[in-house]
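A look at the structure
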Amino acid sequence: MTLLKIADPVLIRNVKLTQNVMPGDVIITGNRPEISSVRAFSGDDAVGLEYFGGCYEGVADGALTKGDECYYDPATGKVTKTASGSYHLGYVSFAPANCADGSRVTIIHVPNGTTLAEGT
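Rules of the game
- Residues numbered from 1 in each chain as written.
- Predicted model: local features only at pLDDT ≥ 70, side-chain atom pairs only at ≥ 80, totals over all residues.
- Heavy atoms only, no water.
- Phe/Tyr/Trp six-rings, centres within 6.5 Å; stacked < 30°, edge-to-face > 60°.
- Buried < 20%, exposed > 50% of the residue type's maximum accessible area, 1.4 Å probe, protein only.
- Core = buried A, V, L, I, M, F, W, Y, C linked by side-chain atoms within 4.5 Å.
- Helix = DSSP H or I, 4+ residues; strand = E, 2+ residues; numbered from the N terminus.
- pLDDT = per-residue confidence, 0-100.
- Contact = heavy atoms within 4.5 Å.
- Patch = residues over 30% accessible without salt bridge, like charges linked within 9 Å, V, L, I, M, F, W, Y side chains within 5 Å.
- Areas by Shrake-Rupley, 256 points an atom, 1.4 Å probe, with all protein chains shown as cover.
- Salt bridge = Lys/Arg side-chain N within 4 Å of Asp/Glu carboxyl O.
- Pairing = 2+ DSSP bridges.

This part takes up the packing of aromatic side chains. If you walk through the whole model with that rule in mind, you get one aromatic pair. Between Y51 and F52, the ring centres sit 6.4 Å apart and the planes meet at 75 degrees, which makes this aromatic pair edge-to-face. The exposure class assigned to F52 is buried, which follows from its relative accessible area of 11%.

Okay, here's the thing in structure tokens:
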């Protein structure tokens with residue numbers, strides 16, 4: 001599952017890829033989810049990954065509400081409240097009133113411990 005960008009990120013970090021990516025793909029770097037803004041291939045240098053910031057639309061894995069901390073589950077490709085086996089993605093900025101598995105939600109990409117000094 002990919003995330004759909006709604007607003008631009010604050011910081012983009014350039015990396016050398018170890019896998020092929022498409023826009024919206026979530027790449028786990030260490031313990032943080034970064035989001036690809038371009039199509040690129042394994043071995044490409046200086047590919048910009050969205051390090052933090054920005055607003056994205058994704059698919060919920062269960063009930064979520066506005067303001068919830070949310071995580072990216074790489075096994076399902078969904079946004080979840082479950083921290084175990086997942087990576088902190090940020091916060092839910094919009095969820096429908098009857099949010100359930102498969103609902104579209106909007107998240108703000110602010111992984112735990114993010115600072116402007118990182119990645120620069």
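The rest of the description comes next.
Formed by 14 residues in total, the largest nonpolar core has its most connected members in L64, V79, V105 and I107. Those elements that place two or more of their residues in this core are strand 5 (69-73), strand 7 (87-94) and strand 8 (104-109). With seven residues, the next largest nonpolar core counts V21, I27, V47 and L49 among its residues.

We now examine the confidence of the model for the protein chain. Low-pLDDT stretches of the model should not have their predicted coordinates read in fine detail. Across the protein chain, pLDDT averages 85, with 88% of residues at or above 70. Across the protein chain, the secondary-structure element scoring lowest on mean pLDDT is strand 1 (residues 4-15), at 71, and the one scoring highest is strand 6 (residues 78-80), at 96. Below pLDDT 50 for its whole length, residues 116-120 participates in eleven contacts with residues either more than four positions away or in separate chains.

Together, Y91, I108 and V110 line one region of the surface with nonpolar side chains, adding up to about 220 Å² of accessible area. By the secondary structure assignment, Y91 is in strand 7.

Turning next to the pairing of strand 3 (residues 32-36). Counting buried positions over the five residues of strand 3 gives five, a clear majority of the element. Taking every second residue as pointing to the same face, both faces of strand 3 are buried, with R32, E34 and S36 on one and P33 and I35 on the other. Bridge count between strand 2 (residues 26-29) and strand 3: four bridges; the pairing is antiparallel. Counterpart to I27 in the pairing with strand 3 is E34. Between the end of strand 2 and the start of strand 3, which pair antiparallel, lie two residues, with G30 showing a positive phi angle near 70 degrees.

Sheet topology places strand 5 next to strand 7; four bridges connect them, and they run antiparallel. Counterpart to E69 in the pairing with strand 7 is Y91. Bridging between strand 7 and strand 8 involves four bridges; their strand directions are antiparallel. Across the sheet, the residue bridging to V92 is I107, located in strand 8.

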